[in-house]
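Commentary on secondary and tertiary structure
Listed below are the residues making up each chain.
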Amino acid sequence: MSTTQTIEQLRQLKLKAMASSYAGVLEQPLHLQPEAHDLIALLSDAETISRTNNKTERLRKRSKLRYRAFLSEVNTGTERNLSKQQLQYFTQGQYIQKAENLLITGPTGCGKTYLACALGNQACQQGISVTYLNLMNFMNQIQISTIDGTYLKFIKELCKPQLLILDEFGLAPLNYESKVALFNIIEERHERMSTIMVGQIPVSLWHEYINEPTLADALMDRLSAKANIVELKGSSLRIKKNE
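Residues numbered from 1 in each chain as written. Predicted model: local features only at pLDDT ≥ 70, side-chain atom pairs only at ≥ 80, totals over all residues. Heavy atoms only, no water.

Observations concerning the overall build of the chain
The helix and strand inventory of the chain stands at 12 helices and five strands. Its C-alpha atoms give the chain principal-axis dimensions of roughly 75 × 50 × 35 Å. In the chain, buried positions account for 42% of the 243 residues. The long-range share in the chain, meaning contacts at least 24 apart out of those at least 6 apart in sequence, stands at 78%. As presented, the chain carries roughly 13,800 Å² of accessible surface, and 52% of it is formed by carbon and sulfur atoms. Side-chain charges in the chain split into 28 positive and 24 negative, and the spacing between the mean points of these groups amounts to 3 Å. (Helix = DSSP H or I, 4+ residues; strand = E, 2+ residues; numbered from the N terminus. Buried < 20%, exposed > 50% of the residue type's maximum accessible area, 1.4 Å probe, protein only. Contact = heavy atoms within 4.5 Å. Areas by Shrake-Rupley, 256 points an atom, 1.4 Å probe, with all protein chains shown as cover. Lys, Arg positive; Asp, Glu negative; His and termini not counted. Charge placed at Lys NZ, Arg CZ, Asp CG, Glu CD.)

So, in structure tokens, the structure goes:
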């Protein structure tokens, strides 16, 4: 079999990265081409890296993260109330492995959503399924799914990802249907998968915000039982960016 046929066969087997890497090797002078064992390792690495990158990109697209954010760009320090040790813990994904929740609060523009999206992006790179949704869209979807009969399917979908990010918690009043739906989702995910909740109001006021004593007790019990709380501080990063 000729090298051209080998490359074509690799492509037919959907080993595109391996085919491309092999074609690159063949373009090198004979004395620079790797030996058989090294060549196999080279082609195997190329295919593995390609598949990993493709999987990461698929997870990113499915997550619908608001920002393509990176943890390397997240500022830490006392003025932000976020330490390097905390960020390192989240970067390693240990909170997801332990099915811990993360509650992020802080004033407008301090980088809450960016941090959440950076953690979501990092999780995608680690092969973890992620879903991002803000609470306004969440309430709209609850209303629509109730009308068209897809409510249970919608709830089930939000119970699936290993990491669920719910943004803008506390921005607008929750109707009763949304409170019940949120409880059902958090209850199903409790001690099984991680949820990141992002909001402007402090966690201490979430019970009052939910404004439904029985549901609030049950929901906060499950959210805070195994929770990391990050109360970001500092002036608006949007203002600084526009200066």
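Comments concerning the packing of aromatic side chains
Taken as a whole and assessed by the stated rule, the structure comprises six aromatic pairs. Ring geometry for Tyr67 against Tyr114: centres 6.3 Å apart, planes inclined by 35°, an arrangement best described as tilted. Of this pair, Tyr67 sits in the loop between helix H3 (36–63) and helix H4 (84–91) while Tyr114 sits in helix H6 (residues 112–125); the two residues are 47 residues apart in sequence, bridging distant segments of the chain. With a relative accessible area of 29%, Tyr67 lands in the partly exposed category. (Phe/Tyr/Trp six-rings, centres within 6.5 Å; stacked < 30°, edge-to-face > 60°.)

Some remarks on the pattern of salt bridges
Across all of its chains, the model carries nine salt bridges by this definition. Measuring nitrogen to oxygen at the nearest pair gives 3.0 Å for the salt bridge that ties Arg51 to Glu47. Placement of the pair is Arg51 and Glu47 together in helix H3, with a separation of four residues, close to one helical turn. Relative accessible area serves as the criterion here: at 7%, Glu47 is assigned to the buried category. (Salt bridge = Lys/Arg side-chain N within 4 Å of Asp/Glu carboxyl O.)

Quick notes on the environment of Leu115
Considering the arrangement of structural elements, one finds Leu115 in helix H6. Sequence spacing of Leu115 and Tyr67 is 48 residues, and the spatial spacing of their C-alpha atoms is 9.5 Å. Those residues within four positions of Leu115 in sequence are excluded, and the remaining contacts are Leu71, Val74, Leu82, Leu87, Ile104, Val230 and Leu232.

Re the layout of surface pockets
Of the volumes computed, that of the second largest pocket is approximately 450 Å³. Contributing to the lining of the second largest pocket are 15 residues, with Arg62, Lys64, Thr131, Glu157 and Leu158 lying nearest its centre. Within the residue set of the lining of the second largest pocket, elements represented by two or more residues are H3, strand E2 (130–134) and helix H8 (151–159). (1 Å grid on protein atoms, 1.4 Å probe; cavity = no way out; pocket = protein on both sides within 12 Å on 5 of 7 lines; lining within 4 Å. Points joined across faces, edges and corners; volume = space filled by probe spheres on them.)

Quick notes on the pairing of strand E3 (residues 163–169)
Burial within E3 is extensive, with six of its seven residues counted as buried. Where E2 and E3 come together, five bridges link them in parallel fashion. Residue pairing in the sheet places Thr131 in a bridge with Leu164 of E3. Looking at chain direction, E3 and strand E4 (residues 194–199) are connected through five bridges and run parallel. Bridge assignment links Leu166 to a residue of E4, and that residue is Met197. One crossover worth recording links E3 to the parallel E4 by way of helix H9 (residues 176–189), and it is right-handed. (Pairing = 2+ DSSP bridges. Right-handed = clockwise from strand over helix to strand, strands pointing away.)

With respect to unusual backbone geometry
The phi angle at Ala99 is positive, at roughly 55°, despite the residue not being glycine. Ala99 gets classed as buried once you look at its relative accessible area, which sits at 8%. Within the chain, Glu191 stands out as a residue other than glycine whose phi angle is a positive 60°. As for its position among the elements, Glu191 is in the loop between H9 and E4. Glu191 gets classed as exposed once you look at its relative accessible area, which sits at 54%.

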